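If you want the building blocks of each chain, they are given just below.
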Amino acid sequence: MSARLIDGKRIALETRLAAGRAAAELLARTGIVPGLATVLVGEDPASAVYVGSKERACKELGIASFGFRLPASASQAELEAQVDALNARPDVHGILVQMPLPEHLDSDAIIDRIHPRKDVDGFNTLNVGLLAQRGRKPDFVACTPAGVMVLLEHTGLTIAGMDAVVLGRSNIVGLPMAMLLQRADATVTVCHSRTRHLADHLRRADLVVAAIGRPEYVRADMLKPGVVVVDVGINRVPDPTTNKGYRLVGDVDFAAAREVASWITPVPGGVGPMTIAMLMRQTVQAAERAARGS
Ligand code: NDP
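Now for a quick tour of the structure. (Residues numbered from 1 in each chain as written. Predicted model: local features only at pLDDT ≥ 70, side-chain atom pairs only at ≥ 80, totals over all residues. Heavy atoms only, no water.)

Let's talk about the environment of F68
Quick reminder of the rule: Each helix is a run of H or I in the DSSP string that is no shorter than four residues. Each strand is a run of E no shorter than two, and both are numbered from the N terminus. Think of it in three bands: with a 1.4 Å probe and only protein chains considered, a residue is buried below 20% of the maximum accessible area for its type, exposed above 50%, and partly exposed in between.
Its location among the elements puts F68 in strand β3 (residues 64–70). F68 gets classed as buried once you look at its relative accessible area, which sits at 19%. Between the C-alpha atom of F68 and that of V97, which follows or precedes it by 29 residues, the distance is 9.4 Å.

A closer look at the site of the ligand
What counts, and what does not: One heavy atom suffices: a residue is near a molecule or strand as soon as one of its heavy atoms comes within 4 Å of it. In protein, a polar contact requires one atom able to donate a hydrogen and another able to accept it; more generally it is a pair of N or O atoms within 3.5 Å, and residues adjacent in sequence count only if both atoms are side-chain atoms. Here, Shrake-Rupley sampling with a 1.4 Å probe gives the accessible areas, and only protein chains in the shown set may cover a residue. When residues are sorted by character, Ala, Val, Leu, Ile, Met, Phe, Trp, Tyr, Cys and Pro go into the nonpolar class, Asp, Glu, Lys and Arg into the charged class, and all the rest, Gly among them, into the polar class.
If you check the shell around the ligand, you find 20 residues, and the closest are R169, S170, S193, I234 and T275. A distance of 3.4 Å is found between a nitrogen atom of the ligand and a backbone nitrogen or oxygen belonging to H192. Here T275 contributes a side-chain N or O atom positioned 2.7 Å from a nitrogen atom of the ligand. Here the ligand, which alone exposes 930 Å², has 71% of that area covered by the protein. Its residues placed into classes, the shell around the ligand shows eight nonpolar, 10 polar and two charged.

Structural notes on the sheet that holds strand β2 (residues 35–41)
Adjacent strands of a sheet pair through backbone hydrogen bonds, lying either parallel or antiparallel. Basically, it comes down to this: Strand pairing requires that DSSP identify at least two bridges connecting the strands. Orientation is described by axes fitted as lines to C-alpha atoms, over the contacting stretch for helices, and by angles from 0 to 180 degrees between their N-to-C directions.
Across the sheet, three strands lie side by side as β3-β2-β4; this open sheet has parallel pairing. The open sheet terminates on both sides in strands that have one partner only, identified here as β3 and β4 (94–97). Ignoring strand direction, the axes of neighbouring strands in this sheet form an average angle of 15 degrees. One ladder, built from four bridges, connects β2 with β4; its direction is parallel. Within β4, the position partnered with A37 by the bridge is I95.

Examining the layout of surface pockets
Operational definition: A cavity here means a set of 1 Å grid points, computed over protein atoms only, where a 1.4 Å probe fits but cannot escape. A pocket is an open set with protein on both sides within 12 Å along at least 5 of 7 lines, and lining residues have an atom within 4 Å of a point. Grid points are joined across faces, edges and corners, and a volume is the space filled by probe spheres set on the points.
What the second largest pocket holds in volume is close to 440 Å³. Residue lining of the second largest pocket: 20 residues in total, with V141, A146, M149, L180 and R281 positioned closest to the centre. Of all the secondary-structure elements, those providing two or more residues to the lining of the second largest pocket are α6 (143–155), α7 (174–183) and α10 (274–292). Residues belonging to the lining of the second largest pocket are distributed by class as follows: 12 nonpolar, two polar and six charged.

A short note on the sheet that holds strand β5 (residues 163–167)
Heads up, the condition is: Every residue pair with non-hydrogen atoms within 4.5 Å of one another is taken to be in contact.
Across the sheet, which stays open at both edges, the six strands sit in the order β1-β11-β8-β7-β5-β6 with parallel pairing between neighbours. In this open sheet, the two strands that pair with only one neighbour each are β1 (4–5) and β6 (187–191). Bridge count between β5 and β6: five bridges; the pairing is parallel. The residue bridging V165 from the neighbouring strand is T189, located in β6. Sitting on the sheet, α7 is in contact with β5, β6 and β7 (207–210), with an inclination near 170 degrees to β5.

Some remarks on the state of the cysteines
Applicable threshold: Our working definition of a disulfide is a cysteine sulfur pair at a distance within 2.5 Å.
Following the criterion strictly, the structure yields zero disulfides and no others. With no disulfide of its own, C58 lies 11 Å from the sulfur of C143, the closest cysteine sulfur.

Brief notes about empty space enclosed by the protein
This model, assessed by the stated rule, comprises one cavity of 30 Å³ or more. For the largest cavity, the calculated volume is near 40 Å³. As for the largest cavity, its lining consists of V97, M99, I111, I114, D119, D121 and F123. Broken down by class, the residue content of the lining of the largest cavity amounts to five nonpolar, no polar and two charged.

See the structure below:
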């Protein structure tokens, strides 16, 4: 049996359009235009591409985008002053400092300098702490795992009670993913590079979220029949038959896994497009909260 595809492209588009409608409604009601400030330090080409896509998405949806570029030589004090200035601006509802920062800068201190109410990336310690605690509600959640939850909602499946394995424990994907699934009442196992008997954990799982950055690492024989597979990994593998000389694959052997799973996300076109869509949604939510004064 071939798994049903979770169409991230379509769901991301719907999420973006909904954010655009919410932005238009906020403007009509209050005169407030949601605003996202993006801060890029240095010349890293991949980071510049990411920031460019976020700025374009804002423009498409009626969200104001304020771009700030600092040289790679910028000091911690300069970057902190930039963040402080954006925290103080009423027309900026979300602040995104593109990671990774040059090595001489303290990323954690910068992330925590962003006001929690403007932390639309959801990386701030306060928001992560609130996510971790039962009965508490963070202002924002890391966009990629938040996007995975939206994808899962679209399947109509009940997450409560599922045995879920999250593969990877990074601050931006694995850790918040595990917390979100636990909040949705899954029983969550987090696996990482020191996990023994990884395949045994995977074979027990009703739901696998793979976020390790290892091309096609999860094989079909590691999966339980009927499992739901969400593949966060984005890996380039050489492919001389393509114009670019490479193609993108996930952390899961998609072709084989789709014969075992009940639902699966493709790469590309699965989780990938959700990240910016969630950033747009959270920026509009930040502006709505500011308008309510809450
Ligand atoms: P990190 O490199 O920060 O973390 C990787 C995690 O995987 C670590 O926890 C590591 O364990 C674990 N790991 C690595 N190798 C293995 C292994 N062989 N077995 C088990 N666990 C392993 O990566 P990210 O979390 O930032 O990203 C993960 C993947 O998701 C990447 O492919 C990335 O490109 C993609 N990604 C996609 C996004 C999107 O779709 N929009 C957004 C962000 C990421 P340990 O902690 O022990 O080192």
